[in-house]
Amino acid sequence: MMFEAIKWLASLVLLSPVVLVVLLSLIALRSSKIREKLISRLTFVMVSSGLISALAMAVLMLFSGRFELVLDAGDWIVLHHESFHFHLAFVFDGLSIPFLILTLLLCSVVGAFTTRYLHREPGYQRFFILYALFTLGMVTSCVAGTVEVLFFGWELVGLSSALLVGFFHERSAPVINGLRVWSIYRLADAAFLLAAVALHHMTGNGEWDRMTGVGTWPAAQTILSSQQALGVGLLLLVAAAGKSALVPFSGWLPRAMEGPTASSAIFYGALSVHLGAYLLLRVSPLVTAAPALGYILIAVGLTTALYASLVERVQGDIKSALAFASLAQVGLIVCEIGMGWYVFALIHLCGHAMLRTVQLLRAPSLLRDYFKLETALGHRIAHSQTPRFLTRIPWLTSWFYRFALERGPFDTLLGDYLAAPLLNVFRTFSRWESAWIAWCGSRSGGSERSLVGYGASRPSTAERQFMVDQPRAGDGDLLCHPATSLDIQERSPHA
């Protein structure tokens with residue numbers, strides 16, 4: 001009886017964010033104007049029901065002495081020739097349930113905050129649809145029982161994060177920064193996919209049970225060899241580094257602060273920035289099996305913590321300072337995972353996420369809070385001073401200051417040695433494709449005939465006139481609107 005109740009509550013936890021996404025999407029499709037109260041009440045009911053169900057499930061599992069529950073929905077996609085199947089399974093255990101409760105708790109707090117913070121904002125409805133997608137992605141990632149399900153949730157989190165960075169799309173900077181965040185996420189996703197393929201090749205499927213072997217978290221032991229665990233673990237470390245902004249992918253974190261304060265709090269102060277650390281905790285048996293992987297995690301975590309602590313001290317705005325402060329703590333959490341302190345790292349993660357959410361939500365009132373605090377103390381709050389040993393070496397102090405002010409060279413290095421070579425490869429393929437099309441056109445009597453032969457329709461007289469009247473780059477927003485030549489002539493400043 002109690003086991004059936006636990007299963008029923010687990011199903012309710014999974015369904016609540018799905019229902020929220022479906023309802024908000026249907027309402028948005030049926031009507032462009034809906035009341036803010038309806039959106040906020042739907043969000044409150046769905047997220048609260050998921051949170052209450054998760055709490056009740058945790059209590060029942062404690063009383064029943066059952067510390068792991070697997071909901072198995074079977075194979076949804078089977079490719080016999082490729083020896084691949086998409087297995088849908090969800091795991092509720094000592095790792096996923098605390099992170100699930102944390103996720104739903106912080107989502108409910110940020111949802112309540114946003115109803116007032118974005119009141120009468122034109123993008124109010126759009127924010128809550130992306131917020132619902134994010135909640136669904138986080139819940140799916142928390143309780144994923146296979147690497148494929150985790151990747152699905154991972155993608156939803158990345159997509160909603162990048163779209164909310166570019167929330168204020170009427171300005172160019174948020175859009176550019178959103179694309180930058182999305183490009184780093186793509187790189188991390190590629191590493192995640194390679195790890196999933198390698199895991200399928202080694203174990204025959206992507207279930208955690210096959211990878212972690214027998215036992216419950218954190219006492220489970222992997223069935224992979226040390227070399228296999230190191231290879232898969234390194235790929236997952238790249239994925240986690242991209243998602244959690246670890247060194248050398250730290251450059252996107254301050255760019256992500258272009259979004260609303262509510263999304264900054266839930267994404268980059270609380271949940272999204274910790275998702276990489278959660279992934280490392282989920283595959284902690286690999287760290288245990290491969291000591292070299294643990295040493296690499298310690299090195300990456302300490303480097304990230306030192307870098308973020310240095311850069312945080314010279315930031316000129318509170319959101320960037322809090323972002324780098326979060327990054328310093330995430331680096332320490334990764335270091336703790338590398339040292340094998342898995343339970344301590346989970347407690348550190350949950351505590352830090354809650355503290356940083358409160359700080360980011362209070363960020364707009366920072367000056368008022370400082371004034372009240374100094375009034376209560378009766379004196380000004382002293383700021384930290386430069387360490388004495390640095391004051392004796394002026395050139396070293398100047399070097400550290402410049403390094404921190406430029407936020408390190410990681411953005412430049414990634415641009416010059418990763419993005420630029422990839423762009424050159426794509427441009428080379430583009431030139432080859434153009435040459436191939438031109439060659440095909442010359443053999444069939446002209447480029448236009450060749451395009452028609454490949455299925456493209458011949459442009460009409462009106463379309464030819466429209467192409468002639470197209471504005472050139474620099475004509476502003478005309479390039480963004482599909483319009484007739486008459487509309488363009490009316491809007492163009494040169495007309």
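Residues numbered from 1 in each chain as written. Predicted model: local features only at pLDDT ≥ 70, side-chain atom pairs only at ≥ 80, totals over all residues. Heavy atoms only, no water.

The next subject is the pattern of salt bridges. One pass over the structure, following the stated rule, counts five salt bridges. Residue Arg 186 pairs with Asp 189 through a salt bridge whose shortest N-O separation is 2.6 Å. Of this pair, Arg 186 and Asp 189 both sit in helix α6 (residues 172–203), three residues apart, which is roughly one turn of the helix. For Arg 186, a relative accessible area of 34% translates into the label partly exposed. Take Asp 189: its relative accessible area is 5%, and that puts it in the buried class. When the shortest N-O distance is used, the salt bridge between Arg 362 and Asp 369 registers 2.7 Å. A relative accessible area of 39% places Arg 362 in the partly exposed class. (Salt bridge = Lys/Arg side-chain N within 4 Å of Asp/Glu carboxyl O. Helix = DSSP H or I, 4+ residues; strand = E, 2+ residues; numbered from the N terminus. Buried < 20%, exposed > 50% of the residue type's maximum accessible area, 1.4 Å probe, protein only.)

For the rest of this paragraph, the subject is the packing of helix α8 (residues 226–244) against helix α11 (residues 272–282). Running from N to C, α8 and α11 cross one another at 165 degrees; their axes reach a closest spacing of 7 Å. Looking at the two axes, α8 sits roughly antiparallel to α11. When the axes of α8 and α11 are compared, the crossing they make is left-handed. Residues Leu 236, Leu 237, Ala 239, Ala 240, Lys 243 and Ser 244 of α8 form the contact with α11, whose participating residues are Ser 272, Val 273, His 274, Leu 275, Gly 276, Ala 277, Leu 279 and Leu 280. When the residues that make up the contact of α8 with α11 are grouped by side-chain class, the tally is nine nonpolar, four polar and one charged. (Axes fitted to C-alpha atoms, helices over the stretch in contact; angles between N-to-C directions. Parallel < 35°, antiparallel > 145°, perpendicular 65-115°, else oblique. Left-handed = near helix turned anticlockwise from the far one by under 90°. Contact = heavy atoms within 4.5 Å. Nonpolar A, V, L, I, M, F, W, Y, C, P; charged D, E, K, R; others polar.)

A word on the confidence of the model for the protein. Residues with a pLDDT of 70 or more make up 84% of the protein, whose mean pLDDT is 81. Mean pLDDT values over the elements of the protein span from 40, in helix α22 (residues 485–491), up to 93, in helix α13 (residues 291–312). Confidence drops under pLDDT 50 across residues 466–495; counting only partners more than four residues distant or on other chains, this segment forms 21 contacts. (pLDDT = per-residue confidence, 0-100.)

Glancing now at the environment of Thr 222. Assignment of secondary structure puts Thr 222 in the loop between α7 (208–212) and α8. Separated by 65 residues in sequence, Thr 222 and Val 287 place their C-alpha atoms 9.5 Å apart. In this structure the side chain of Thr 222 is engaged in a polar contact, spanning 3.1 Å, whose partner is the backbone nitrogen of Leu 224. (Polar contact = N/O pair within 3.5 Å; in protein donor to acceptor, adjacent residues only side chain to side chain.)

What follows concerns the packing of aromatic side chains. Applying the stated criterion to the full structure yields 19 aromatic pairs. Ring geometry for Phe 167 versus Phe 168: centroids 5.0 Å apart, planes at 85 degrees, classification edge-to-face. Seen from their ring centres, Phe 429 and Trp 432 are 5.4 Å apart, and the 85 degrees between their planes marks the pair as edge-to-face. Placement of both Phe 429 and Trp 432 in helix α19 (residues 410–443) is noted, with a separation of three residues, approximately one turn of the helix. Accessibility expressed as a relative area gives 57% for Trp 432, which makes it exposed. (Phe/Tyr/Trp six-rings, centres within 6.5 Å; stacked < 30°, edge-to-face > 60°.)

So, on to α13. Taking 1.5 Å per residue as the helical rise, α13 with its 22 residues ought to reach 32 Å, and the 31 Å between its terminal C-alpha atoms agrees with that figure. Every buried residue of α13 is accounted for by Leu 293, Gly 294, Leu 297, Val 300, Gly 301, Thr 304, Ala 305, Tyr 307, Ala 308 and Val 311. (Expected span 1.5 Å × (residues − 1).)

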